[in-house]
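Coordinate analysis (summary)
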Amino acid sequence: MSENPLFISVDAMGGDYSPRIVVEGLAIATKQNPDIRFLVYGDLERISAEFKKFPDLKNTCEIRHASEMVSNDDKPSQVIRNRNTSMYMAIDAVKRGEAQAVVSAGNTGALMAISKMLLKTIHKIHRPAIVTIMPHRYGKYVMLDLGANAECTSVNLAEFAVMGNVLAKKALHIEKPRVALLNIGSEEMKGREEIRHALQMLKEASSDLNLDFIGYIEPHDIPFGKADVIVADGFTGNVALKSIEGTAKFAAAMLKDSIKKTPISWLGLPFLYLAIKKIKKTMNPKQYNGAMFVGLNGLSVKSHGGADGFSFSVALNNAAMLVRQDFVSTIRAELEDIDLDEISQDMFYDVM
């Protein structure tokens, strides 16, 4: 046992198949990370019943009873101050310093609202963002915002660029990530006013922000590795992400159907097996579960609601990785000597 174990709090009642898949994920994660200890919040009786399948979990997990849970249909305004839910209690453990990160597969809006209320945003960050890691043809990239902020100012987008840059360095080990703004074209005059203003901000302040800013990127270029960090408002980012996921599923289904309908294709399968296996592994969404709320004074990680045990363990592992790399403190340090509001105002006066 590690002398200084890493503690993660877990909302065991969030998601479509809780607490079963949460416990399965805990069992996988503890084998991969013997130094982690978990504070598991939820219905004591139901969680204990699932723990019987994995006796070793009693050595790494502490169950803490929560009398209520947040459902997928609950509005954030209805649950944000209910201290008796497993979600609230799990996030509060991070606020009180008992845990260094929280993971939940529950209601995204409620998780964001409670996390923001309890953990607060980092000084100089106006709004937190939802960020995830996705595969492209040559590796992986970071994308944000994915739904936390439907509308954003140019300053918000610049902040997302800084946070995404830090995540790409820490999680993907890219020394100088290429940062791009998602837009409908590559020409500077394209897009809404706030995007054009963000472009100018990031171009002028890229050296101060320590960014390798490459300008705009169009959606069809994302899968081909043109950038390492994709920045967008929450509405645009969410639509782009779901379009990419849907296209990947469509391509996989078409390949499967084509093989089934063409008997001669079966003859070539032994030769293509390794290539197909690699593609399947790369595009498997379970490998990329765990969207993070960045910009908060604490780590809050959102697992997909329909996750299975393996993909929930991926979300737990992502949370642990960012804790080990001191992700929150790194963002604070990056922004300590930067005032994006002042940069934005200076640009405005220059135009005037």
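Definitions and limits used
Residues numbered from 1 in each chain as written. Predicted model: local features only at pLDDT ≥ 70, side-chain atom pairs only at ≥ 80, totals over all residues. Heavy atoms only, no water. Salt bridge = Lys/Arg side-chain N within 4 Å of Asp/Glu carboxyl O. Buried < 20%, exposed > 50% of the residue type's maximum accessible area, 1.4 Å probe, protein only. Helix = DSSP H or I, 4+ residues; strand = E, 2+ residues; numbered from the N terminus. Core = buried A, V, L, I, M, F, W, Y, C linked by side-chain atoms within 4.5 Å. Contact = heavy atoms within 4.5 Å. Patch = residues over 30% accessible without salt bridge, like charges linked within 9 Å, V, L, I, M, F, W, Y side chains within 5 Å. Areas by Shrake-Rupley, 256 points an atom, 1.4 Å probe, with all protein chains shown as cover. Lys, Arg positive; Asp, Glu negative; His and termini not counted. Charge placed at Lys NZ, Arg CZ, Asp CG, Glu CD. Polar contact = N/O pair within 3.5 Å; in protein donor to acceptor, adjacent residues only side chain to side chain. Pairing = 2+ DSSP bridges. Axes fitted to C-alpha atoms, helices over the stretch in contact; angles between N-to-C directions.

Quick word on the pattern of salt bridges
Within the structure shown, the criterion is met by 13 salt bridges. Two residues, E187 and K190, come together in a salt bridge whose shortest N-O distance is 3.2 Å. Residue class for E187 comes out partly exposed when judged on its relative accessible area of 36%. In this structure K190 comes out as partly exposed when scored by relative accessible area, which is 31%.

Topic: the environment of A158
Inspection of the secondary structure assignment puts A158 in helix α6 (residues 154-172). For A158 and S206, which are 48 residues apart along the polypeptide, the C-alpha to C-alpha distance reads 9.8 Å.

Considerations on the nonpolar core
Side chains that are nonpolar tend, in soluble globular proteins, to be buried together. Ranked by size, the top nonpolar core spans 72 residues in total, and within it I8, L26, F38 and L181 carry the most contacts. Element by element, the count of residues in this core is highest for α6, at 12 residues. In this structure, L181 is in contact with L157, I195, A198, L199, L202, F213, G215, Y216, I217 and V231, ignoring residues within four places of it in sequence. Membership of the second largest hydrophobic core comes to 37 residues, among which are V70, Y88, A93 and A180.

A look at the environment of L157
The residue L157 is located in helix α6 in this model. For L157, a relative accessible area of 3% translates into the label buried.

What to know about a positive patch on the surface
The grouping of R81, R83, K95 and K120 at the surface amounts to a positive patch. Positionally, R81 belongs in the loop between α3 (76-79) and α4 (86-95). Residue classification places R81 among the exposed residues on the basis of a relative accessible area of 66%.

Some remarks on the side chain of S300
Inspection of the secondary structure puts S300 in strand β11 (residues 299-302). Since its relative accessible area comes to 0%, S300 is described here as buried. Within the structure, S300 has its side chain in polar contact with the side chain of S115 (distance 2.9 Å). Among residues more than four places away in sequence, those in contact with S300 are V102, L111, S115, A291, M292 and F293.

Structural notes on the sheet that holds strand β9 (residues 229-231)
Here we have 11 strands laid out as an open sheet, ordered β3-β2-β1-β4-β11-β10-β5-β6-β9-β7-β8, and mixed in their pairing. Looking along the sheet, the strands with just one partner apiece sit at the ends: β3 (61-65) and β8 (212-217). In this sheet, neighbouring strand axes are inclined to one another by 25 degrees on average, regardless of whether the strands run parallel or antiparallel. In terms of strand pairing, strand β7 (residues 178-182) meets β8 through five bridges, oriented parallel. Paired with V179 across the two strands is F213, which belongs to β8. Together, β1 (6-11), β2 (36-42), β4 (101-104), β10 (291-294) and β11 form the strand contacts of helix α10 (residues 309-324), whose direction differs from that of β1 by roughly 140 degrees.

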